[in-house]
Amino acid sequence: MKFKLLVVDDEKNIREGLAAALQLEGHDVVVAADGDEAYKRFQKGDIDLVITDLRMPGLSGEELLRKINTESPGVPVIVLTGHGTVENAVDAMRNGAYDFLTKPLNLDRLSLLVKRALQNRELVLQHRRLEEELEHNRTFEMFIGNSPAMRKIFDTIRQVAPTKASVLITGESGVGKELVANAIHELSPRKNKPLIKVHCAALAATLLESELFGHEKGAFTGAVGRKRGRFELAHEGTLFLDEIGEIDQNVQIKILRVLQEKKFERVGGEETLEVDVRIVAATNRDLKAEIEKGTFREDLYYRLNVVNIHVPALRERKEDIPLLATAFLKEFAKENNKQIDGIDPRARTALYGYDWPGNVRELRNCMESAVVLAKGSVITLDDLPPTVRKSSESTSIHIPLGIPLEEAEKIIIRETLSAYKGNKSKTAEVLGIGRKTLHRKLAEWGDISGDEAED
Ligand SMILES: Nc1ncnc2c1ncn2[C@@H]1O[C@H](COP(=O)(O)OP(=O)(O)OP(=O)(O)O)[C@@H](O)[C@H]1O
Ligand SMILES: [Mg+2]
């Protein structure tokens with residue numbers, strides 16, 4: 001990625017010397033001779049990093065820093081300061097400068113600092129791109145996914161929602177089955193009527209029966225008054241039968257009858273009631289296997305499963321991880337009043353590499369704790385739960401498709417180094433490169449300081 005740097009100094013020698021040095025490193029550099037000119041240039045909106053002197057005629061470096069920070073907080077500003085005025089630099093840091101350099105300038109330090117600042121900038125931009133993508137992918141409120149599998153599910157939802165067909169949603173725990181049910185209701189002509197949810201596993205058979213169909217006064221001990229059931233409450237709306245695989249055979253027969261005849265009686269009642277209800281059911285069980293075992297009625301299965309929506313496990317659609325992680329990060333940063341701009345590359349690799357047995361629910365919890373624990377403005381590997389962190393310590397390295405070779409090299413070297421617990425000789429040896437080369441690369445990426453690289 002090519003970045004555009006703005007160098008501001010009223011001393012011509014310094015500004016041009018700096019520009020030349022930075023251009024030699026492959027950056028795109030523009031210069032300004034004072035604060036006003038710099039601010040004008042900055043407002044074009046294409047600058048990724050600003051290096052500015054503090055004392056200048058007109059708009060001072062401090063004022064320029066303040067303007068940039070309030071208007072474009074993602075753009076790092078490095079301030080230059082003369083000898084003996086370090087206090088000014090410290091003030092500038094307090095006011096949001098990325099870092100400072102004292103004159104006369106040490107070009108090696110400058111180069112390292114610029115690299116680090118640009119890495120930071122890249123993270124901010126990446127995060128912003130994901131956020132934009134998020135806006136475009138927000139198919140239904142808070143329902144996120146851009147993997148082919150999820151796109152297909154969104155299409156199916158749009159197709160079946162307007163109909164009255166029963167839908168059976170299958171998939172492991174935490175994949176988002178309830179969100180599918182919500183979306184079906186919201187996109188249906190029934191959206192202004194009730195969406196009633198029944199958690200079938202939570203209730204014993206007799207209770208479930210009276211919960212679903214209601215009961216008359218005195219139907220059983222404790223039935224002190226008439227109670228309307230969920231089928232009645234869902235009239236003209238949608239009834240979501242969650243964990244349908246858990247229900248008792250007797251209740252299965254009764255549900256089957258409502259599906260076939262749209263009729264039922266309250267428990268202990270004689271009157272036959274008629275309802276217009278759209279049924280959406282969900283299960284994380286393999287109902288076909290339950291049918292084989294004789295615990296689930298085949299006829300009910302076919303009635304429920306007019307349309308099947310299978311939500312794949314998160315590990316089968318890893319493309320959704322970055323987008324989901326970004327969405328949850330945003331949600332919890334807001335909730336916790338924290339300014340967090342992104343997820344650093346190693347943490348991202350770990351999130352991607354992990355298997356997510358608890359699926360999206362687990363990822364959501366993971367991002368919540370990461371946001372709460374984060375000390376800096378990005379999520380790092382240390383902020384992730386140990387189980388997730390471990391996935392990055394495994395013996396394989398995950399390299400996303402379509403990244404530049406240089407980025408892949410970074411991932412390989414950093415991951416190997418972390419696998420060997422920071423042992424550089426060992427890392428250089430297994431990668432088949434010299435120790436010097438390894439040191440130079442790490443210093444270039446700002447992973448270690450230039451001094452460390454020389455020893
Ligand atoms: N695609 C998604 N986009 C945003 N959030 C999601 C997505 N999928 C799941 N979630 C979130 O993950 C959590 C679990 O989702 P949900 O309750 O729908 O899963 P489930 O499949 O019904 O799980 P269970 O079988 O355990 O009931 C919820 O907080 C939900 O908001
Ligand atoms: Mg659920």
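Residues numbered from 1 in each chain as written. Chains lettered and ligands numbered in written order. Predicted model: local features only at pLDDT ≥ 70, side-chain atom pairs only at ≥ 80, totals over all residues. Heavy atoms only, no water.

Turning to the UniProt feature "domain: Sigma-54 factor interaction" (unreviewed entry) in the chain, a few remarks are in order. With numbering aligned to this structure, UniProt lists the feature "domain: Sigma-54 factor interaction" (unreviewed entry) at residues 143-372. Here residues 143-372 is 44% helix and 16% strand, with 23 Å between the C-alpha atoms at its ends. (UniProt positions renumbered as here; feature names shortened; annotations may be inferred. Helix = DSSP H or I, 4+ residues; strand = E, 2+ residues; numbered from the N terminus.)

Turning next to the packing of aromatic side chains. By the definition in use, this model includes 6 aromatic pairs. With a centroid separation of 5.1 Å and an interplanar angle of 85 degrees, the aromatic rings of Phe 143 and Phe 154 are classed as edge-to-face. Within this pair, whereas Phe 143 is found in the loop between α5 (107-137) and α6 (148-160), its partner Phe 154 is found in helix α6, the two being separated by 11 residues in sequence. For Phe 154, a relative accessible area of 3% gives the class buried. Each ring, one from Tyr 301 and one from Tyr 302, has its centre 5.2 Å from the other, and the planes form 75 degrees; the classification is edge-to-face. An aromatic cluster of three or more residues is present, and its members are Phe 213, Phe 231 and Phe 264. Directly above the ring of Tyr 39 sits Lys 67, whose terminal nitrogen or CZ lies 4.8 Å from the centroid. (Phe/Tyr/Trp six-rings, centres within 6.5 Å; stacked < 30°, edge-to-face > 60°. Buried < 20%, exposed > 50% of the residue type's maximum accessible area, 1.4 Å probe, protein only. Lys NZ or Arg CZ within 6 Å of the ring centre and 35° of its normal.)

With that settled, consider the nonpolar core. Residues Leu 212, Phe 231, Leu 239, Leu 241, Ile 244 and Ile 255 are the most contacted members of the largest nonpolar core, which totals 30 residues. Counting residues per element, the ones that place at least two in this core are β7 (195-199), α8 (205-213), β10 (238-242), α10 (249-261), β13 (278-283), α11 (287-293) and α12 (298-304). For this core, the element with the most residues is α10, which contributes 5 residues. Filtering out sequence-adjacent residues up to four positions away, Leu 241 remains in contact with Val 198, Cys 200, Leu 212, Ile 255, Ile 279, Val 280, Ala 281 and Ala 282. With 29 residues, the next largest nonpolar core counts Leu 130, Ala 327, Phe 328 and Met 367 among its residues. (Core = buried A, V, L, I, M, F, W, Y, C linked by side-chain atoms within 4.5 Å. Contact = heavy atoms within 4.5 Å.)

So, on to the sheet that holds β13. Neighbouring strands of a sheet are bound in pairs by backbone hydrogen bonds; such pairs are parallel or else antiparallel. Reading across from one edge, β7-β10-β13-β6-β14 is the order of the 5 strands in this open sheet, with parallel pairing throughout. In this open sheet, the two edge strands, each paired with only one partner strand, are β7 and β14 (307-310). When strand polarity is set aside, the average angle formed by the axes of neighbouring strands in this sheet is 20 degrees. Across 4 bridges, strand β6 (residues 167-170) lies against β13 in parallel orientation. Among the inter-strand pairings, Thr 170 is bridged to a residue of β13, identified as Thr 283. Running over the sheet, α6 touches β6, β13 and β14 and is turned about 155 degrees from β14. (Pairing = 2+ DSSP bridges. Axes fitted to C-alpha atoms, helices over the stretch in contact; angles between N-to-C directions.)

As far as domains go, the chain holds domain 1 (4-135), domain 2 (148-312), domain 3 (316-391) and domain 4 (405-454). With centres defined by C-alpha atoms, the gap from domain 2 to domain 3 works out at 34 Å. Contacts between the two partners involve 8 residues from domain 2 and, on the opposite side, 9 residues from domain 3. Note on domain 2 versus domain 3: buried area summed over both sides is about 670 Å², and carbon and sulfur give 41% of it. Applying the counting rule to domain 2 against domain 3 returns 0 salt bridges. Its residues assigned to classes, the side of domain 2 that touches domain 3 shows 5 nonpolar, 2 polar and 1 charged. (Domains from an automatic or database assignment. Buried area = accessible area lost by both parts, 1.4 Å probe. Salt bridge = Lys/Arg side-chain N within 4 Å of Asp/Glu carboxyl O. Nonpolar A, V, L, I, M, F, W, Y, C, P; charged D, E, K, R; others polar.)

Next up on the list: the pairing of strand β2 (residues 28-32). Pairing analysis gives 5 bridges linking strand β1 (residues 4-8) to β2, with the strands arranged parallel. Bridging across to β2, Val 7 finds its partner in Val 31. Handedness of the β1-helix α1 (residues 12-24)-β2 crossover: right-handed. (Right-handed = clockwise from strand over helix to strand, strands pointing away.)

What follows covers the confidence of the model for the chain. Within the chain, residue pLDDT values average 89, and 95% of them lie at 70 or more. Put simply, helix α20 (residues 450-454) is where the chain has its lowest mean pLDDT, 59, and β6 is where it has its highest, 98. (pLDDT = per-residue confidence, 0-100.)

The strand order across the open sheet formed by 5 strands is β2-β1-β3-β4-β5, and the pairing between neighbours is parallel. Looking at the sheet topology across the chains shown, the edges are occupied by β2 and β5 (99-102). Within this sheet the neighbouring strands show an average axis-to-axis angle of 20 degrees, counted without direction. Sitting on the sheet, α1 touches β1, β2, β3 (49-53) and β4 (77-81), and the angle it makes with β2 is about 170 degrees. On top of the sheet, helix α4 (residues 86-94) reaches β4 and β5; it is set at about 165 degrees to β5, its chief contact.

Let us now look at the site of ligand 1. Inspection of the region around ligand 1 gives 17 residues, with Ile 144, Ser 173, Gly 174, Lys 177 and Arg 361 positioned closest. At 2.5 Å from an oxygen atom of ligand 1 is found a side-chain nitrogen or oxygen belonging to Ser 173. Here an oxygen atom of ligand 1 sits 3.4 Å away from a polar atom, N or O, in the main chain of Leu 179. Contact with the protein chains hides 87% of the accessible area of ligand 1, taken as 640 Å² for the molecule alone. Counting residues per element, the ones that place at least two in the shell around ligand 1 are α7 (177-186), α13 (320-335) and α15 (359-373). When grouped by side-chain class, the residues that make up the shell around ligand 1 number 8 nonpolar, 4 polar and 5 charged. (Near = heavy atom within 4 Å. Polar contact = N/O pair within 3.5 Å; in protein donor to acceptor, adjacent residues only side chain to side chain. Areas by Shrake-Rupley, 256 points an atom, 1.4 Å probe, with all protein chains shown as cover.)

Inspection of every chain in the model, using the stated rule, returns 32 salt bridges. The partner of Asp 91 in a salt bridge is Arg 94, with the nearest N and O atoms 3.2 Å apart. Of the two residues, Asp 91 and Arg 94 are both situated in helix α4; the distance of 3 residues between them amounts to about one turn of the helix. Where Glu 216 meets Arg 226, a salt bridge forms, and the shortest distance between an N and an O atom there is 3.1 Å. Taken as a pair, Glu 216 in the loop between β8 (214-215) and β9 (227-228) and Arg 226 in the loop between β8 and β9 lie far apart in primary sequence, 10 residues in all. When its relative accessible area of 15% is taken as the criterion, Glu 216 is described as buried. Classification of Arg 226 as exposed rests on a relative accessible area of 53%.

On the secondary structure map, Leu 287 appears in helix α11. For the pair formed by Leu 287 and Tyr 352, sequence separation is 65 residues and the distance between their alpha carbons is 31 Å. Discounting chain neighbours no more than four positions away, the residues touching Leu 287 are Leu 168, Ile 244, Gly 245, Phe 296 and Tyr 301.

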